[in-house]
Amino acid sequence: LHFRRDFKKLIGEDSYKLPPGLQGLPIVGYLPFLGPNLHRLFMELAQTYGPIYKLGIGQKLCVIISSPALAKEIVLRDQDVTFSNRNPNIASRVFSFDGKDIAFAPLGPRWRQLRTILVREMQSEASFDASYLLRRNEVKKSVAIIYGNVGHAIDIGELAFTTVVNIIAGMFWGNVDGRQVAGIDIGTEFRAAAGRLVQNLGRPNVSDFFPILARFDIQGVQKDMKKVMQQVDKIYDIVIDQRIKRGNMGEDEVNDDGKKNLLQFLLEFREHDTGEPISHEQIKALLMDIVIGGTDTTSTTVEWAMAEMMLHPEVMVKAQLELTEVVGLDNEVEETHVKNLRYLHAVVKETLRLHPVAPLLLPRSPTKSCHVSGYAIPKDTKVFLNVWAMHRDPEFWESPLEFKPERFLGDKLDYLGQHLHYLPFGSGRRVCAGLRLGERMVMYLLATLVHMFLWESPDGTMPDTSEKLGVVLEKSNPLLLVPTPRLGSSKFYV
Ligand code: HEM
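Residues numbered from 1 in each chain as written. Predicted model: local features only at pLDDT ≥ 70, side-chain atom pairs only at ≥ 80, totals over all residues. Heavy atoms only, no water.

Caption draft 1: How the structure looks around the coordination of the iron atom of the ligand. In this structure the iron atom of the ligand is ligated by exactly one protein donor, Cys432 (SG), at 2.3 Å. In this structure, Cys432 sits in the loop between α17 (387-390) and α18 (435-452). (Donors = N, O, S within 2.8 Å, 3.2 Å for Na, K, Ca; no water. Helix = DSSP H or I, 4+ residues; strand = E, 2+ residues; numbered from the N terminus.)

In C-alpha cells form, the structure reads like this:
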C-alpha cells in the first residue's frame, strides 16, 4: 500500500504497473528473509519472478534486474542519466563525507570534476609510466617477503592487500616510504580500519529500510562508522598536513616526468583553481574512494585468480608457460611484459566473470519516476543490477559454471561495459573510475606471483570457492599457499 500510494503520488494514477515481485511480511517486508549472499538469493528469485522484479524491504522499494537487455535500458540508453545516481545508505553517506566523493556523489559538476581528475590525470599512460618504479618497488618488496617465507603458508589475500595499499599510498599521496607516515603504519592501520568500514558498508541496516527509525541507530552502524572514520581522518590529516608543509618548504616530490602525486595536484588545484574549488573534505572523500574502492577489489581478484588456478592446475601450467615465453626464466616480470600475456589476461577475465567483486554493482537510483520494460520505477527506488547472474546466464555463456579462461581468448569482450552480459567494472557514466589502475595492478601482481614461485596448498588441502558478500565478494576462507622459488637465481628475490 505504501509503495502504491507513493507511486501514484509520483507518477500519477495507474499509468504503469510496478514490476512483479514480493512485498514480504507487513511492515518489515522481505527484510527477515535476506541472507548474507544477496546475489544468490536475487538470482533464485529471478527464476520465479523474471528478469525484473520488485522486493519490498521495510519502507524501501528495491528493483532487481538480471537481464543484459534490461540493463541496457538503464546504463547505456536514454535513461542512463536518470539512473546514474546512487541514493546512498547511511553508512555510505558517512564514508563519503556526505556524498562529497565520486562513488556516492550525485551526478553533477562536483562528481565530474573529481572523476575527471582521477581518470584523466592519474591514469593516463604518462602518469602510469611516471609512477612505474613505485609499483615495481612495492611488488619487489612483496617478492622478498614471500622469499623469506619459502616453505611456509602465506595468506595470499593479505599479501596482495598490503602490496596494493602500499602502491596506492605511494601513487596517490606519496611519501618517503609508503608504509610509514608520522610513525603510523599505513598498511596495518588501513587494514584494520578498512575491514570495519567495509563490514559496516555491507551490513543490512534497519535504519536504511525504516528511515523513521534512523535517529535511533538501533544496530549502531552509524556510530561505529563515525568512530572508524575518525581514525582514518586522523591519518589523512597527518598526510595532508605533511604534504602542505613539504610544499611550503619547496620539497615537493615529482615523478620521473615532473608530474606530481594526486594529493599535491589536488592541493594546488584548490589553491590556484579559478573554477569550483576542491574542499578539504572532498579531497579526503576522494582518497577514501581510492583506498577503499581500489584495495579490496584488486587484492580479492588476485586471491580468486590464484584459488582458481590452484583448482585448475592445467590453467596454472599454461599461464606459467606463457610467462616463460614472454618474460624468460632468467628475468623478472616488468609491467611492459603484461600486454603480451594474452592467456593470463583471459584468466583474469574469467576470474572476474565467476567472482565479480561487486556482484550487484553499486546500486543505482532514479532521480525521477520512469519506466523500464513497461514497468514503473518510482523515484528513489534502489535498483540492483545482478551482474553475478548475468555472468552465469547460459544464454550467453557455454558451460557457465566452469572455469575456462579459453572462452575469452578469441573474444572481443573487454572491461568497458559495452557488452551487457559482462560487467565486472560496471557500465555507463558510473563505470569504475579506477578501471585502468585496477587491471594494471591485478595483472602485474598476479604475473609476478605465478612467474616467480611455484605454489602448493598446505597439507595437500585444495582451496574452496565458498564466498561471502560484504562490500566486495570475497573468499569465505583465506587462501593459504606455500611458495617455492621458480627461477634459478636468488638475485631476483632479494
Ligand atoms: C579489480 C579491480 C576493480 C574492480 C573489479 C572494480 C569494480 C567496480 C565496480 C563494479 C564499480 C561500480 C560501477 C557501476 O556502478 O556501474 C566501481 C566503481 C568505482 N570504482 Fe572500482 N573497481 C576496481 C578497482 C578500482 C580502483 C583501483 C579504484 C581507484 C583507484 C576504483 C575506484 C572506483 C570508483 C571511484 C568508483 C565509483 C565510480 C562512480 O560512481 O562514478 N576502483 N568499481
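Caption draft 2: Representation of the sheet that holds strand β1 (residues 21-22). With mixed pairing, the four strands of this open sheet are ordered in space as β1-β2-β3-β9. Two strands lie at the open edges of the sheet, namely β1 and β9 (382-385), each paired on one side alone. Here six bridges tie strand β2 (residues 52-57) to strand β3 (residues 60-65), and the two strands are oriented antiparallel to one another. Pairing of Ile52 across the sheet is with Ile65, part of β3. With respect to the sheet, helix α2 (residues 38-49) is in contact with β1, β2, β3 and β9, its orientation differing from that of β2 by roughly 120 degrees. Contacting β2, β3 and β9, helix α3 (residues 68-75) crosses the sheet at an angle of about 130 degrees to β9. (Pairing = 2+ DSSP bridges. Contact = heavy atoms within 4.5 Å. Axes fitted to C-alpha atoms, helices over the stretch in contact; angles between N-to-C directions.)

Caption draft 3: Looking closely at the sheet that holds strand β4 (residues 154-155). Read across the sheet, three strands follow the order β4-β13-β10 without closing on themselves; strand pairing throughout is antiparallel. Of all strands in the sheet, those with a lone pairing partner are β4 and β10 (453-456), marking the two edges. Alignment of β10 against strand β13 (residues 480-485), held across four bridges, turns out to be antiparallel. Note that in β13 the partner of Leu454 across the bridge is Thr484. Sheet strands in contact with helix α7 (residues 132-147) are β4, β10 and β13, and its direction is about 55 degrees off that of β10.

Caption draft 4: Local environment of the packing of helix α13 (residues 280-311) against helix α16 (residues 342-354). Contact geometry of α13 with α16 gives a least axis separation of 9 Å together with a crossing angle of 105 degrees. With respect to their mutual orientation, α13 and α16 come out roughly perpendicular. Counted together, Thr301, Trp304, Ala305, Glu308 and Met309 of α13 and Val347, Val348, Thr351, Leu352 and Leu354 of α16 form the full contact between these two elements. The residue inventory of the contact of α13 with α16, partitioned by class, reads seven nonpolar, two polar and one charged. (Parallel < 35°, antiparallel > 145°, perpendicular 65-115°, else oblique. Nonpolar A, V, L, I, M, F, W, Y, C, P; charged D, E, K, R; others polar.)

Caption draft 5: A look at the confidence of the model for the chain. Overall, the predicted model of the chain reaches an average pLDDT of 88, with 89% of residues at or above 70. Here the complex is predicted with pTM 0.92, and the ipTM for its interfaces comes to 0.99. (pLDDT = per-residue confidence, 0-100.)

Caption draft 6: Molecular detail of α7. If you check α7, its first and last C-alpha atoms are 22 Å apart, about what 16 residues at 1.5 Å a residue would give, namely 22 Å. Those residues of α7 not exposed but buried are Tyr132, Arg135, Arg136, Glu138, Val139, Ser142, Val143 and Ile146. Around the axis of α7, the buried residues are gathered within 165 degrees of arc, so they sit on the same side. (Expected span 1.5 Å × (residues − 1). Buried < 20%, exposed > 50% of the residue type's maximum accessible area, 1.4 Å probe, protein only. Arc of directions from axis to C-beta.)

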